[in-house]
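# Descriptive structure summary
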Amino acid sequence: MMEAEEIKPWLFQVEPLEGESISHFLGRFRLANDLTPSGLGQAAGLGGAIARWEKFRFNPPPSRQQLESLAVVVGVDTDRLEKMLPPAGVGMKMEPIRLCGACYGESPCHKIEWQFKETGGCGRHNLTLLSECPNCGARFKVPALWVDGWCHRCFTPFAEMVEHQKRI
Ligand SMILES: [Zn+2]
Ligand SMILES: [Zn+2]
């Protein structure tokens, strides 16, 4: 099998983080490579799909073939990309975008499981999830835009928001 870097030698690769959502991963990859959603869509032959996936719009769900095309461009295994998506039959909440500040402090990424309808809190820390900034009330942006790791309105770091999460 040909290595991805042999095919797209001009692109920087980004290592996926544990549990990372596709939106967050695509945002990091685009930032590292100075690509817009449509630019990446074009490079992968996926048209507007990148922009939809970054908003967790999975209707229709990403096909295996689409993920294979994306895998070549981002240099990440197709199976690994599938783990950034909801498993078959699991409902997604597109809004609000949710966050566990404790998780973010350990590994700075948005986790796909926070957007599952069935997820009631963080099972790792036994804490409720935040659905807005506890300091200013701003809704979180889509994770593809979580460049700085803080609230876009009041600049409270995501990791510090753990103080406002309740035990469950
Ligand atoms: Zn957590
Ligand atoms: Zn805020």
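Provided above is the structure to which this section pertains.
A brief look at the structure comes next. Quick caveat: nothing in here was measured; it's all calculated off a predicted structure.

Our next topic: the overall build of the protein. The secondary structure content of the protein amounts to seven helices and zero strands. Considering only C-alpha atoms, the protein reaches an extent of 50 × 35 × 25 Å along its principal axes. Taking all contacts inside the protein whose residues are at least 6 apart in sequence as the whole, residues at least 24 apart take part in 59%. For the protein, the accessible surface area stands at approximately 9,100 Å², while carbon and sulfur atoms represent 50% of it. Once the 19 positive and 20 negative side-chain charges of the protein are each reduced to a mean point, those two points are 9 Å apart.

Distances from the zinc ion (ligand 1) to its protein donors, namely Cys100 (SG), Cys103 (SG), Cys122 (SG) and His125 (ND1), fall within the range 2.1 to 2.3 Å. Site description for the zinc ion (ligand 1): donor spacing in sequence, C-x2-C-x18-C-x2-H. One end of the pair, Cys103, is in helix α7 (residues 101-106); the other, His125, is in the segment after α7, with 22 residues separating them in the sequence. Note on accessibility: Cys103 and His125 belong to one class, buried.

Attention now moves to the side chain of Glu54. Assignment of secondary structure puts Glu54 in helix α4 (residues 49-54). Owing to a relative accessible area of 5%, Glu54 belongs among the buried residues under this scheme. A polar atom in the side chain of Glu54 sits 2.7 Å from the side chain of Arg30. Once you skip the residues sitting within four places of it in the chain, Glu54 turns out to touch Ser23, Leu26, Gly27, Arg30, Pro37, Val142 and Ala144.

This part covers helix α2 (residues 22-33). In this model, α2 (twelve residues) spans 16 Å end to end at C-alpha, consistent with the 16 Å of a helix rising 1.5 Å per residue. Burial analysis of α2 places nine of its twelve residues in the buried class, the great majority of the element. Of the positions making up α2, those classed as buried are Ile22, Ser23, His24, Phe25, Leu26, Gly27, Phe29, Arg30 and Asn33. Contacts made by the buried residues of α2 are with α3 (37-43), α4, α5 (64-74) and α6 (78-82). Two residues or fewer past α2, Asp34 is found with a positive phi of approximately 55°.

Coordination of the zinc ion (ligand 2) by the protein is provided by Cys133 (SG), Cys136 (SG), Cys151 (SG) and Cys154 (SG), with metal-donor distances spanning 2.3 Å. Coordination at the zinc ion (ligand 2) is tetrahedral, judged from the four donor atoms that bind it and the angles of 103 to 116° they form at the metal. Read N to C, the donor residues that coordinate the zinc ion (ligand 2) are spaced as C-x2-C-x14-C-x2-C. Here Cys133, found in the segment after α7, pairs with Cys154, found in the segment after α7; they are 21 residues apart in sequence, far enough to count as distant.

Looking at the element boundaries, His152 is found in the segment after α7. Once the C-alpha coordinates of His152 and Lys141 are considered, the two residues, eleven residues apart in sequence, prove to be 8.0 Å apart. Beyond its immediate chain neighbours, meaning those up to four positions away, His152 contacts Ala138, Arg139 and Lys141.

What counts as what
Residues numbered from 1 in each chain as written. Chains lettered and ligands numbered in written order. Predicted model: local features only at pLDDT ≥ 70, side-chain atom pairs only at ≥ 80, totals over all residues. Heavy atoms only, no water. Helix = DSSP H or I, 4+ residues; strand = E, 2+ residues; numbered from the N terminus. Contact = heavy atoms within 4.5 Å. Areas by Shrake-Rupley, 256 points an atom, 1.4 Å probe, with all protein chains shown as cover. Lys, Arg positive; Asp, Glu negative; His and termini not counted. Charge placed at Lys NZ, Arg CZ, Asp CG, Glu CD. Donors = N, O, S within 2.8 Å, 3.2 Å for Na, K, Ca; no water. Buried < 20%, exposed > 50% of the residue type's maximum accessible area, 1.4 Å probe, protein only. Polar contact = N/O pair within 3.5 Å; in protein donor to acceptor, adjacent residues only side chain to side chain. Expected span 1.5 Å × (residues − 1). Tetrahedral: all angles 85-135°; square planar, octahedral: opposite > 155°, others 65-115°.

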